[in-house]
Number of protein chains: 2
Amino acid sequence: MESWPPGASGPTEAGRRLRGLRGADLAASASLLSGAGAEAGCSAPAVAAVLPAGGSGERMGVPTPKQFCPILERPLISYTLQALERVSWIKDIVVAVTGENMEAMKCIIQRYQHKGISLVESGVTRHRSIFNGLKALAEDQPNCRLSKPEVVIIHDAVRPFVEEDVLLKVVTAAKEHGAAGAIRPLVSTVISPSVDGCLDHSLERARHRASEMPQAFLFDVIYEAYQQCSDYDLEFGTECLHLALKYCHIKAKLIEGSPDLWKVTYKRDLYAAESIIKERISQQICVVMDTKEDEEHVGHRLEEMLKNELNHVKVTSGRDLQQIILEQCYNFVCVNVMTSDFEETQKLLNMLEESNLSILYPVVVISVQFLDYESVPFGQKMENLMQIREFAKEVKKRNILLYGLLVYYPQDEQKLQESLRQGATIIAALIKERNSGLIGQLLVA
Amino acid sequence: MESWPPGASGPTEAGRRLRGLRGADLAASASLLSGAGAEAGCSAPAVAAVLPAGGSGERMGVPTPKQFCPILERPLISYTLQALERVSWIKDIVVAVTGENMEAMKCIIQRYQHKGISLVESGVTRHRSIFNGLKALAEDQPNCRLSKPEVVIIHDAVRPFVEEDVLLKVVTAAKEHGAAGAIRPLVSTVISPSVDGCLDHSLERARHRASEMPQAFLFDVIYEAYQQCSDYDLEFGTECLHLALKYCHIKAKLIEGSPDLWKVTYKRDLYAAESIIKERISQQICVVMDTKEDEEHVGHRLEEMLKNELNHVKVTSGRDLQQIILEQCYNFVCVNVMTSDFEETQKLLNMLEESNLSILYPVVVISVQFLDYESVPFGQKMENLMQIREFAKEVKKRNILLYGLLVYYPQDEQKLQESLRQGATIIAALIKERNSGLIGQLLVA
């Protein structure tokens, strides 16, 4: 076994040093894996991933297999692919899908611009699907486009929240031990029933763990195990770590994973996944304004109010919009100050459309206007309203959710505070729910 | 053991007949349990329930113990109490809470009008809390207000979706076998680690089950088990069925439960629970109208559109409003036809406030007005708008979420269809999200 990462006295030492990586350490190790380390004389393992995605999802109680169920209108498996493909040191991702779903999967890859994905046909069981994925990676297959990796990750299509951190840990441990897998504490006690449906015995919860994904293996180890294993294993087995133990005598290293590794199994898990994704993309709001000098403007006061009221959210000023779009902010409050119509909003929408930001997630844009009931004729505002409905319909096609917000702008300071606070509440509500049924509405604060 | 339910040749036969009850069978058996059967000569067991609720919720990653986390602003434990107290044949519910949370728990019981609940102080572990609950039910305790049940249900405060069906099954099986508990298939393979953190062996998934709640016991069995069990059991044990086996040699009957029995453990489970609850209370919409004769009115066409567009929802006409409120419909669309202001809505709001319907769940009221842009001056409509904001603030205090909806009413038939369809979409969105940040808004279709 080669020495990896560099500076370690041996594989065991290497493993010990890499356990529990965080932050800067993680970045450094990831760059080693991505090849930067190779120049320093070490050998980063070539890593590929196999995703069995041939399941029928009968536990979900819905006709669509769970990996294809939509979350914010995008299939679950696309989130999992996104989680894997953003890890620079994973070179190839092989997805095993049924012949029936092959075309749908190709469309998903194209529509959401996934890169480095190869498709193989799944088998009738999970193990057979994984085996098909491994065969595609093995060099001994004819017409193989893929190159054999040193380490292969096996993950589930229905675990979209896997982080680079745990992927790095299982790969590092697999390189050292031959096999590694993520585990979690048991939530329920596990029991063994007798044949008559009564309790035979219960297992001590503290001495057992749930085996989760991702897992990683030296490719030769797991491929050998699959080549040797029995039809019974392929039909009824559920655990890759078990195959490595039984057929290659490799005792897998177990890695404590985070709660995020859970598997989307039931309908309630889809609800949970949607809420988590909505929460994650609602952490940052960018406030765009066409007035830069006039710091006294009420638009700035709205920005201040957002900062005060939404203290779990990062409120950014939209001075360098291109940069903020690059940083993947999915929420924009566009304050129209100098113009009474939607000129500023239109500029922002054009920029967003060009950026492709909304390919993966719906982007919320809230176009804010200030309204002094006593001095502005309402008829004119209503024309704006009709205009925003048309805009909203148009940009919805590109996954942008546009809402209008009229903030009442009274002379009385206390009333103004109240309007701004309600404006912040409405903005928070729209961003949190991301409800496409309410696009084009003009809300009043 | 007595023969229960009646007509069975013996306890085993009785158990066999009761397994797999559904619908009418369930209603019949429940009425037996509630005592109606006693007149026919059988003996329904006296049933109580114990809920350990002393946990700290450290797995949730939030400071509030999970049983007190709010879902739609109501603590999780209140949903669980509601699920148990609607079962007529459960006589007493004993909840074990920490001294610290005793006052909060009393407030919850008062505010949500829970009946038949007794509080005891929890112990430092789950088993000690359950034991304290059992002691309160045992007749040998001084000053005991409660009577000793024949069968005791043990349930978790954080499993709010328990159905009468499974409660009846575990109670019936407990009466026959002495102990019974709900089980579920394992979602993940269970493994046993070695001391060095590597895989020792994995368990065959098909031969094991997750032990869930509810469980039920003959009171004398489980009380005896707790009285005899060791301090080690009380400190580190997790499984009541295990205690009944170890100390009373009772092999619990295992009952396959539904996925609904899952335990709210992580933050994602709170998200899932909220979505499930929102979905459950959004299954019915009542359309209230002040015109009864004029079937041609556009209000009726909106009702038709709701029926066509929201085909998973039951759309009811509000002819017998008192009855519909009694049947626990939580969504109202109030069409103001004869009056241009909110007279009809105001009547509905008064009725809802008197009914106490909104004590347990937020009730959505959408006040609909029709608007012909070409003939009605908008200023007058705006005054209505201001009015609804004040109404909404006022009724929010009583957990009623009021929104306004202006439906554009053009002469052109196709455009009218489009308006009505968009109205239905907006109504669906408001009911689904139940977002209090948007109350008092006047949406336009």
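These figures come from a predicted structure and were not determined experimentally.

Draft legend 1. Representation of the overall build of chain A. The helix and strand tally for chain A stands at 16 helices and 17 strands. Within chain A, buried positions represent 60% of all 445 residues. A fraction of 75% describes how many contacts in chain A between residues 6 or more apart in sequence connect residues 24 or more apart. Total accessible area on chain A stands at roughly 18500 Å², and carbon and sulfur atoms take up 49% of it.

Draft legend 2. Structural context of the interface of chain B and chain A. In this assembly, 70 residues from chain B lie in contact with 70 residues from chain A. Together chain B and chain A conceal approximately 6300 Å² of surface at their shared face, both sides included; 56% is due to carbon and sulfur atoms. When the buried surface of chain B facing chain A is broken down by residue, B:Ile191, B:Leu199 and B:Arg268 rank first, second and third, together holding 10% of it. Across the chain B-chain A interface, the total number found is four salt bridges. Linking B:Glu279 and A:Lys267 is a salt bridge whose minimum nitrogen-to-oxygen distance equals 3.5 Å. One can count 32 residue pairs in polar contact (both at pLDDT 80 or more) joining chain B with chain A. By residue number, the principal contributor to the side of chain B that touches chain A is helix α10 (residues 267–280) of chain B, which donates eight residues.

Draft legend 3. Structural detail: the sheet that holds strand β14 (residues 331–335) of chain A. Residues and elements named next belong to chain A. If you trace the six strands from one edge of the open sheet to the other, you get β13-β12-β14-β15-β16-β17, paired in parallel fashion. Both outer strands of the open sheet, β13 (314–317) and β17 (442–444), are each paired with one neighbouring strand and no more. Put simply, the sheet's adjacent strands are angled 25 degrees from each other on average, direction ignored. In terms of strand pairing, strand β12 (residues 284–289) meets β14 through four bridges, oriented parallel. Bridging across to β14, Val287 finds its partner in Val333. Strand contacts of helix α16 (residues 413–433): β12, β14, β15 (363–371), β16 (400–408) and β17, with the helix running at about 165 degrees to β16, the strand carrying the most contacts.

Draft legend 4. View of the relation of the copies chain B and chain A. Each copy of the sequence occupies a distinct position, and chain B is placed on chain A by a rotation of 180 degrees and an axial shift of 0.0 Å, giving an RMSD of 0.0 Å. The superposition of one copy onto the other is thereby described by a two-fold rotation axis. Distance from the rotation axis, computed per C-alpha, reaches its smallest value in chain B at B:Ala272: 2.3 Å. The share of interface residues of chain B whose copies in chain A are also at the interface is 100%, consistent with both copies meeting through the same surface.

Draft legend 5. How the structure looks around helix α7 (residues 219–228) of chain B. Along α7(B), the residues that are buried comprise B:Phe219, B:Val221, B:Ile222, B:Tyr223, B:Ala225 and B:Tyr226. For α7(B), the elements touching its buried residues are α5 (126–137), β6 (151–154), β10 (209–218), α8 (231–236) and α9 (240–248) of chain B.

Draft legend 6. Seen up close, unusual backbone geometry. All names here are of chain A. Of note, the amide linkage connecting Met213 to Pro214 takes the cis form, showing an omega dihedral of 5 degrees. Inspection of the secondary structure puts Pro214 in strand β10 (residues 209–218). Of note, the phi angle at Asn356 is positive, near 65 degrees, even though the residue is not glycine. Relative to the helices and strands, Asn356 is located in the loop between α14 (343–355) and β15.

Draft legend 7. Summary view of the pairing of strand β1 (residues 47–52) of chain A. Residue and element names in this part refer to chain A. β1 sits mainly inside the fold: six of its six residues count as buried. Side chains Val47, Ala49 and Leu51 project from β1 onto one buried face, and the interleaved Ala48, Val50 and Pro52 project onto a second face that is buried too. Looking at chain direction, β1 and strand β6 (residues 151–154) are connected through four bridges and run parallel. In the sheet register, Val50 faces β6, and the bridge partner there is Ile154. Summarising the sheet, β1 and strand β4 (residues 90–97) pair through six bridges and their orientation is parallel. In the sheet register, Val47 faces β4, and the bridge partner there is Ile90.

Draft legend 8. Focus on the sheet that holds strand β13 (residues 314–317) of chain B. All names here are of chain B. With parallel pairing, six strands are arranged side by side in an open sheet as β13-β12-β14-β15-β16-β17. In this open sheet, the two edge strands, each paired with only one partner strand, are β13 and β17 (442–444). Direction aside, neighbouring strands of the sheet carry axes that sit 25 degrees apart on average. Where strand β14 (residues 331–335) lies against strand β15 (residues 363–371), five bridges are found, and the strand directions are parallel. Note that in β15 the partner of Val335 across the bridge is Val368. Seen against the sheet, helix α11 (residues 298–309) touches β12 (284–289), β13, β14 and β15 and runs at an angle of roughly 175 degrees to β12. Where helix α15 (residues 413–433) meets the sheet, its contacts fall on β12, β14, β15, β16 (400–408) and β17, and the angle it forms with β16 comes to roughly 165 degrees.

Draft legend 9. The packing of aromatic side chains, seen in detail. Within the structure shown, the criterion is met by 18 aromatic pairs over all chains. Their ring planes at 15 degrees and their centres at 5.5 Å tell us that B:Phe161 and B:Trp262 sit as a pair that is stacked. Of this pair, B:Phe161 sits in the loop between β6 and α6 (164–177) while B:Trp262 sits in the loop between β11 (253–256) and α10, placing them 101 residues apart in sequence. When the ring of B:Phe370 is compared with that of B:Tyr409, the centres are 6.1 Å apart and the planes differ by 65 degrees; the resulting orientation is edge-to-face. Here B:Tyr409 lies in the loop between β16 and α15 and B:Phe370 lies in strand β15, a separation of 39 residues in the sequence. Residue classification places B:Tyr409 among the partly exposed residues on the basis of a relative accessible area of 34%. Through a chain of ring-to-ring contacts, three or more aromatic side chains come together here, namely A:Phe131, A:Phe219, A:Tyr223 and A:Tyr226. The residue whose ring lies beneath A:Arg74 is A:Tyr361, and the NZ or CZ to ring-centre distance is 5.0 Å.

Draft legend 10. Region of interest: the environment of A:His249. Residues and elements named next belong to chain A. In this structure, His249 sits in the loop between α10 (240–248) and β11 (253–256). Since its relative accessible area comes to 65%, His249 is described here as exposed. Sequence separation between His249 and Gly178 is 71 residues, and the spatial gap between their C-alpha atoms is 9.8 Å.

Draft legend 11. Representation of the environment of A:Ile109 in the model. All names here are of chain A. Along the chain, the position of Ile109 falls in helix α5 (residues 102–111). When the C-alpha positions of Ile109 and Ile77 are compared, they lie 9.9 Å apart, and in sequence the two are 32 residues distant. Once residues within four sequence positions are removed from consideration, Ile109 is found in contact with His114, Ile117 and Leu119.

Draft legend 12. Spotlight on the packing of helix α6 (residues 126–137) of chain A against helix α8 (residues 219–228) of chain A. Residues and elements named next belong to chain A. Interhelical geometry of α6 versus α8 gives an angle of 125 degrees and a closest axis separation of 10 Å. Viewed along their axes, α6 and α8 adopt a mutual orientation that is oblique. With respect to the hand of their crossing, α6 and α8 are arranged in left-handed fashion. For the pair α6 and α8, the contacting residues are His127, Ile130, Phe131, Leu134, Lys135 and Leu137 in the first and Phe219, Ile222, Tyr223, Tyr226 and Gln227 in the second. Its residues placed into classes, the contact of α6 with α8 shows eight nonpolar, two polar and one charged.

Draft legend 13. Just the pattern of salt bridges, in detail. Residues and elements named next belong to chain A. All told, the structure shown has 55 salt bridges over all chains when counted by the stated rule. The partner of Lys148 in a salt bridge is Asp220, with the nearest N and O atoms 2.8 Å apart. Highlighted residues: Lys148 in the loop between α6 and β6 and Asp220 in helix α8, separated in sequence by 72 residues. In this structure Lys148 comes out as partly exposed when scored by relative accessible area, which is 33%. In this structure, the salt-bridge partner of Asp165 is Lys169, at a minimum N-O distance of 3.6 Å. Here Asp165 and its partner Lys169 are both found in helix α7 (residues 164–177), four residues apart, which amounts to about one turn of the helix. Here Lys169 falls in the buried class, since its relative accessible area comes to 16%.

The rules behind each value
- Sequence order as written defines residue numbering, which begins from 1 separately in each chain.
- A letter from A marks each chain and a number from 1 marks each ligand, given out in the order of writing.
- Local features are withheld for residues below a pLDDT of 70 in this predicted model, meaning they are given only at 70 or higher, and side-chain atom pairs are given and counted only at 80 or more; totals for whole chains, interfaces and linings count all residues.
- With hydrogens and water set aside, each side-chain value is computed from the structure's full complement of heavy atoms.
- By the criteria applied, helices consist of DSSP H or I runs no shorter than four residues and strands consist of E runs no shorter than two, each listed in order from the N terminus.
- Relative accessibility thresholds used throughout: buried, under 20% of the residue-type maximum; exposed, over 50%; partly exposed, between the two (1.4 Å probe, protein chains only).
- The contact criterion used throughout is that any non-hydrogen atoms of two residues lie within 4.5 Å.
- Residue-level accessible areas treat just the shown protein chains as cover; the underlying method is Shrake-Rupley with a 1.4 Å probe.
- Buried surface area refers to the total accessible area, computed with a probe of radius 1.4 Å, that the two partners give up upon joining, counted for both partners together.
- Salt bridge, as used here: a side-chain nitrogen of Lys or Arg that lies within 4 Å of a carboxyl oxygen of Asp or Glu.
- In protein, a polar contact requires one atom able to donate a hydrogen and another able to accept it; more generally it is a pair of N or O atoms within 3.5 Å, and residues adjacent in sequence count only if both atoms are side-chain atoms.
- When DSSP finds at least two bridges between two strands, those strands are taken to pair.
- Interaxial angle, 0 to 180 degrees, is taken between N-to-C directions of lines fitted to C-alpha atoms, where a helix line uses only the stretch in contact.
- Least-squares fitting of one copy onto the other uses the C-alpha atoms of those residues that reach a pLDDT of at least 70 in both copies.
- The aromatic pairing rule takes the rings of Phe, Tyr and Trp, using the six-membered ring of Trp, and pairs them if the centres are within 6.5 Å, calling planes under 30 degrees apart stacked, those over 60 edge-to-face and the rest tilted.
- By the criterion adopted, a ring carries a charge over it if an Arg CZ or a Lys NZ lies within 6 Å of its centre and within 35 degrees of its normal.
- Here is the rule for angles: anything less than 35 degrees is roughly parallel, anything more than 145 is roughly antiparallel, 65 through 115 is roughly perpendicular, and the remaining ranges are oblique.
- Two helices crossing with the near one rotated counterclockwise from the far one by less than a right angle form a left-handed crossing, whereas a clockwise rotation gives a right-handed crossing.
- We call Asp, Glu, Lys and Arg charged. Ala, Val, Leu, Ile, Met, Phe, Trp, Tyr, Cys and Pro are nonpolar, and the rest, Gly among them, are polar.

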